[in-house]
Amino acid sequence: MTIVSPQHSPLLDKELADQYATRALSRCKTLSTLSQMQGGIHRVYLSKEHKECNAVTASWMVEAGMQSWQDEVGNLWGRLKSSNPHAKRLIIGSHLDTVPNAGAFDGILGVLLGIEIAALAHKLKLDLPFHLDVVGFCDEEGTRFATTLIGSKALANEFDPQWLNIEDTNSITMRQAMLDFGLNPNDYAKAALNKNELLGYWETHIEQGPVLESVNQALGVVTAIAGAKRAMLTLTGQSGHAGTTPMNLRQDSLAGCAELVTEIEKLASNAKNGEVATVGQIQSRPGATNVIAGKTTISLDARAQSDTDLANLLSAIQSSAQSIASKRNLMLDWQWTHAADAVACDIQIQHLFTSACKLNNQASPSLASGAGHDAMAIAPICPVGMLFIRSPGGISHHPAEAVIDSDVTKALSVMYSALLLYVKEYGLF
C-alpha cells in the first residue's frame, strides 16, 4: 500500500469512474431481487431478505478489500483499514431497507457507491490515514416496526429498549425478530460508536425531489435536513340529518377540517424560508352520504430547515385551528405522533463537497433535504455531510424511481475527489 501524498491526483480517471459506477448500478438491480413482494421491491428490517442482502453486500465489501461484519442491531459494516493502528474512522453509508413497492436506488445506491470508493482506494493501493468504514444501515424507513432510523440511532446510543416490545403486523415483537435473525436483543447498546474515534459521516443519496432536475444539474450539496413534526388533528361536532338540519345550526366537523386544510396550505405557502406542510389523510365519521360529519380527523406533516421556523409555522397552524373550531362550535384535539429536530450539515464538509464538484467541472447547487436520512441520527456524534444525485421526475418511494447513469459516474468521481481533498485539507498525510 502507498501512503497517500500530495502527489496523488484527486481526479479519478473517467474510464475507471464509468466502470465502477456501472458496477454500482448493476448491484442495485441485484439487490432489488431480494424482495418479500412479487413484482416489486420490499425489504424490511430483520427479514429473511434483510439477511440475504447483508450477506450479498458483505461479499462485495470483501471483494473490495475490506473487512466486513454485522453489528448488534443488524447494520452491515465494511472497513478498508489504514496502516495506522490508532487511526480514526471516516464513515460513508446509507440504508439497505426499503418501503413497500420501492425503487431500486433510495439508500442502496449510497451504500454501493461507498463500497466502490473503497474498492478504488484498494485498487490504487492507497493507504489512507484513517479507516474508511462503509455502513449499510438496517432500518431507516421504519416500515416493519413504525420506528424510523433504528440502525443509525443505535450507533448514536439512541436505541430505545422499549422498541423491543413493538409488534409488527404479524404480532412478532422486535425482540423476537432479532432472536430469529440471530441477534441478541440485550446487546443493542454494543452497537453504539465512540464519538472520539469518528472523523465524520458522508452520505450520497438520490434527491427524492425535483429541485436538481428543475435547474438541470446532476449533483447538489445538502445544507440541512429538515426538522419535522406530525400530528393527528380531530374536530368533533355533532352528527345530524343532512336534510333537516339548517346550515346555520350545523356543527359540521368535515367542513371545519376542509377550511383548516386550505388554511394550512396558505400558511405554509406564505412562509419565508421554504417551510412545507401537508395534510395527507382524512377520516370522517359516521361517513354516510346523508349524515353531517360529527367527527373528522386529519393528519398534519410540517417540515422546516430550522426548528424556529418549524415552531413558528406550527404555532400559526394551531392558532388557525383553534379559531376555526371556535367559530364553528367544534371541539379540537391534537395528538402528536412524530418529532425530529432539524439538522444542519457540517459547513466544512459542504465546502469540501463543493470543492470536489468544482474540481470535476460540476456545478454544486446548495439545497436542503425535505426527507429524513440516517445522517440526522448520526449528527449528534460526528460532523455529517450529504451529496444529492438528481432524481428524474422527482420520483422516489415508487417503482419508477430512477437515476441517470452519467450522474452516478459524476457522484462517484466527486466523492473520490472529496476523499483525496479531505486528506490534503486536514493535513492527514
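As a reminder, the structure under discussion sits directly above these lines.
A brief look at the structure comes next.

### Some thoughts on the packing of aromatic side chains
The description of two aromatic rings rests on the distance between their centres and on the angle between their planes.
Here's step 1: All told, the structure shown has 9 aromatic pairs when counted by the stated rule.
Here's step 2: Relative to tryptophan 163, the ring of phenylalanine 159 lies with its centre 5.0 Å away and its plane at 70°, an arrangement referred to as edge-to-face.
Here's step 3: Judged by relative accessible area, phenylalanine 159 falls into the buried class, the value being 7%.
Here's step 4: Aromatic ring contacts, followed pair by pair, group Phe130, Trp202, Phe353 and Tyr422 into a single cluster.
Here's step 5: In this arrangement the basic side chain of lysine 51 is found over the ring face of phenylalanine 181, its NZ or CZ atom lying 5.1 Å from the centre.

### Looking at the nonpolar core
It is characteristic of soluble globular proteins that their nonpolar side chains tend to be buried jointly.
Here's step 1: Formed by 67 residues in total, the largest nonpolar core has its most connected members in Leu109, Leu132, Trp202, Leu387 and Leu419.
Here's step 2: By residue number, the principal contributor to this core is helix H11 (residues 405-425), which donates 12 residues.
Here's step 3: Each residue touching leucine 387, except ones within four places of it in the same chain, is listed here: Glu203, Thr204, His205, Leu219, Gly220, Val221, Phe353, Cys357, Ala411, Val414 and Met415.

### Observations regarding helix H8 (residues 307-327)
Here's step 1: Here H8 contains 21 residues, and its C-alpha end-to-end distance of 30 Å stays within 8% of the 30 Å for a straight helix at 1.5 Å per residue.
Here's step 2: Within H8, the full set of buried residues consists of Asp309, Leu310, Leu313, Leu314, Ile317, Ser320, Ala321, Ile324 and Ala325. Buried residues of H8 fall within an arc of 135° about the axis and therefore sit on the same side. For H8, the exposed residues lying more than 90 degrees away from the buried face are Thr308, Ser326 and Lys327.
Here's step 3: In this fold, the buried residues of H8 make contact with strand S9 (227-236), helix H7 (253-269), strand S11 (276-278), strand S14 (295-304) and strand S15 (331-340).

### Here's the deal with the pattern of salt bridges
One side chain can pair with another of opposite charge once the charged atoms of both are near each other.
Here's step 1: In this structure the tally under the stated criterion is 17 salt bridges.
Here's step 2: The salt bridge partner of lysine 190 is aspartate 187, with a shortest N-O separation of 3.6 Å.
Here's step 3: Under the relative-accessibility criterion, lysine 190 is labelled exposed at 56%.
Here's step 4: A relative accessible area of 22% places aspartate 187 in the partly exposed class.
Here's step 5: A salt bridge links aspartate 301 to arginine 230; the nearest nitrogen and oxygen atoms lie 3.1 Å apart.

### Structural notes on the pairing of strand S18 (residues 384-389)
Here's step 1: The buried fraction of S18 is high, at 6 of 6 residues.
Here's step 2: Alternating residues of S18 divide into Val384, Met386 and Phe388 and Gly385, Leu387 and Ile389, and every residue in both groups is buried.
Here's step 3: In the sheet, strand S7 (residues 198-206) pairs with S18 via 6 bridges, with the strands oriented parallel. For tyrosine 201, the partnering residue across the bridge sits in S18 and is valine 384.

### Here's the deal with helix H9 (residues 347-359)
Since there are 3.6 residues in each turn of an α-helix, residues three or four apart along the chain are aligned in direction.
Here's step 1: Compared with an ideal rise of 1.5 Å per residue, which puts 13 residues at 18 Å, H9 spans 18 Å between its outermost C-alpha atoms and is within 8% of the ideal.
Here's step 2: Along H9, the residues classified as buried are Ile349, Gln350, Leu352, Phe353, Ala356 and Cys357. Buried residues of H9 fall within an arc of 160° about the axis and therefore sit on the same side.
Here's step 3: In this fold, the buried residues of H9 make contact with S7, strand S8 (219-225), S18 and H11.
Here's step 4: Its side-chain oxygen at 3.1 Å from the backbone nitrogen of glutamine 348, aspartate 346 defines the N-terminal cap of H9.
Here's step 5: After H9 finishes, the residue asparagine 361 shows a positive phi value of roughly 60°.

### Re the packing of helix H1 (residues 14-32) against H11
Here's step 1: Relative orientation of the contacting elements H1 and H11 amounts to 115°, with a least axis distance of 9 Å. Judged by the twist between their axes, the crossing of H1 over H11 is right-handed. Contacts between H1 and H11 involve Ala17, Asp18, Tyr20, Ala21 and Leu25 from the first element and Asp405, Val408, Thr409, Leu412 and Ser413 from the second.
Here's step 2: Taken together, the residues of the contact of H1 with H11 sort by class into 6 nonpolar, 2 polar and 2 charged.

### Here we look at the environment of leucine 164
Here's step 1: Note that leucine 164 resides in the loop between helix H4 (150-155) and helix H5 (174-181).
Here's step 2: On the accessibility criterion, leucine 164 (2% relative accessible area) is buried.
Here's step 3: For the pair leucine 164 and tyrosine 188, spaced 24 residues apart in sequence, the C-alpha separation works out to 9.8 Å.

### Details of the side chain of aspartate 106
Here's step 1: As for its placement among the helices and strands, aspartate 106 is situated in the loop between strand S4 (89-95) and helix H3 (108-123).
Here's step 2: Despite its burial, aspartate 106 remains without a salt bridge, the nearest opposite charge being carried by arginine 43 at 9.9 Å.
Here's step 3: Engagement of the side chain of aspartate 106 in a polar contact is seen with the side chain of histidine 95, the distance being 3.2 Å.
Here's step 4: At 3.0 Å, the side chain of aspartate 106 and the side chain of histidine 397 are in polar contact.
Here's step 5: Ignoring sequence-local partners within four residues, the contact set of aspartate 106 consists of His95, Asp97, Glu141, His205, Ile206, Gln208, Ser396, His397 and Glu401.

The rules behind these values
- Residues numbered from 1 in each chain as written.
- Predicted model: local features only at pLDDT ≥ 70, side-chain atom pairs only at ≥ 80, totals over all residues.
- Heavy atoms only, no water.
- Phe/Tyr/Trp six-rings, centres within 6.5 Å; stacked < 30°, edge-to-face > 60°.
- Buried < 20%, exposed > 50% of the residue type's maximum accessible area, 1.4 Å probe, protein only.
- Lys NZ or Arg CZ within 6 Å of the ring centre and 35° of its normal.
- Core = buried A, V, L, I, M, F, W, Y, C linked by side-chain atoms within 4.5 Å.
- Helix = DSSP H or I, 4+ residues; strand = E, 2+ residues; numbered from the N terminus.
- Contact = heavy atoms within 4.5 Å.
- Expected span 1.5 Å × (residues − 1).
- Arc of directions from axis to C-beta.
- Salt bridge = Lys/Arg side-chain N within 4 Å of Asp/Glu carboxyl O.
- Pairing = 2+ DSSP bridges.
- Polar contact = N/O pair within 3.5 Å; in protein donor to acceptor, adjacent residues only side chain to side chain.
- Axes fitted to C-alpha atoms, helices over the stretch in contact; angles between N-to-C directions.
- Left-handed = near helix turned anticlockwise from the far one by under 90°.
- Nonpolar A, V, L, I, M, F, W, Y, C, P; charged D, E, K, R; others polar.
- Lys, Arg positive; Asp, Glu negative; His and termini not counted.

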